[in-house]
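These are the residues of each chain, in order.
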Amino acid sequence: MIAADEADICALIGRGIASCVERFPADGLAAGTSVHAYLVASLPVAFCLIDRQARFVIVNDAMARILGQSVNDLTGSVVSDRIVGARELLEKCFVEADGCATVRRRIVPWQGRLYRLSFSPVTGHCGDIQGLTVVALDQSGRARFKRRMRDGRRRLASIAQSDDLTGILNRRGLDFKLGRMMRPGPERPVALLVVDIV
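Residues numbered from 1 in each chain as written. Predicted model: local features only at pLDDT ≥ 70, side-chain atom pairs only at ≥ 80, totals over all residues. Heavy atoms only, no water.

**Description of the pattern of salt bridges**
At step 1: The tally for this structure, following the rule as stated, stands at seven salt bridges.
At step 2: Glu96 is paired through a salt bridge with Arg106; the nearest N and O atoms lie 2.7 Å apart. Taken together, the residues Glu96 in helix H6 (residues 86–98) and Arg106 in strand S3 (residues 106–110) connect sequence positions ten residues apart.
At step 3: For the salt bridge of Arg154 with Asp151, the shortest nitrogen-to-oxygen distance reads 3.3 Å. Of the two residues, Arg154 and Asp151 both sit in helix H7 (residues 140–160), three residues apart, roughly one turn of that helix.
At step 4: For Asp151, a relative accessible area of 31% gives the class partly exposed.
At step 5: Because the salt bridges share partners, they merge into one network encompassing Glu96, Arg104 and Arg106. (Salt bridge = Lys/Arg side-chain N within 4 Å of Asp/Glu carboxyl O. Helix = DSSP H or I, 4+ residues; strand = E, 2+ residues; numbered from the N terminus. Buried < 20%, exposed > 50% of the residue type's maximum accessible area, 1.4 Å probe, protein only.)

Rendered as structure tokens:
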């Protein structure tokens, strides 16, 4: 599982690669890619560079594995032809980048898994945004862990509010239920029966 600070490091990798590929020749991103493609080939995270026309310019093996295609098939192809819904997401990311805002990270589902996408803008000679680097981290394990923790907390709360022997509410459970019943809201009749077993 990747810790939050490691996810930040992965975003920094994207920005670092973006700074390496910045200032491409005036004829666009594609002209400079052969020089920089080796930089991303050995990255331990899924990485790609997408140009303004929403085409894959550089894709590493880790990203190709996530997408279930080869690097050669992906390179030069239109992202929205390979990933449903990608056009709208990329448009939003380019709008954020053009507005000089930080491009927000997004959690996206893909083939039964959750991925956190971190974006970094790539600028041309004139300072215009020519593309985005994308780093993808699998967050599925983290989501399962959070769900198990939430379920565990619910079970513990249930155990703490009931008697082990009888399964009925104990004092803590009674206080909790009475507190919920007595909350302000629509008028509801409440009756309480207290029995002392001798």
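There's plenty left to go through after this.
**Details of the environment of Gly112**
At step 1: The residue Gly112 is located in the loop between S3 and strand S4 (113–123) in this model.
At step 2: When the C-alpha atoms of Gly112 and Ser140 are compared, they prove to be 8.6 Å apart, with 28 residues separating the residues in sequence.

**Thoughts on the nonpolar core**
At step 1: Membership of the largest hydrophobic core comes to 28 residues, with the highest contact counts inside it found for Phe56 and Met63.
At step 2: Residue assignment for this core shows that the elements contributing at least two residues are strand S1 (46–51), strand S2 (56–59), helix H3 (61–67), H6, S4 and strand S5 (129–138).
At step 3: Filtering out sequence-adjacent residues up to four positions away, Phe56 remains in contact with Cys48, Leu49, Ile50, Leu67, Leu74, Thr75, Gly76, Ser77, Val79, Arg82 and Ile83.
At step 4: By size, the runner-up hydrophobic cluster in this structure holds five residues, among which are Leu43, Val45, Phe47 and Leu137. (Core = buried A, V, L, I, M, F, W, Y, C linked by side-chain atoms within 4.5 Å. Contact = heavy atoms within 4.5 Å.)

**Describing H7**
At step 1: Relative to the 30 Å expected for 21 residues at 1.5 Å per residue, H7 spans 30 Å between its end C-alpha atoms, a close match to the ideal helical length.
At step 2: All of the buried residues in H7 are Ser140, Arg142 and Gly152. (Expected span 1.5 Å × (residues − 1).)

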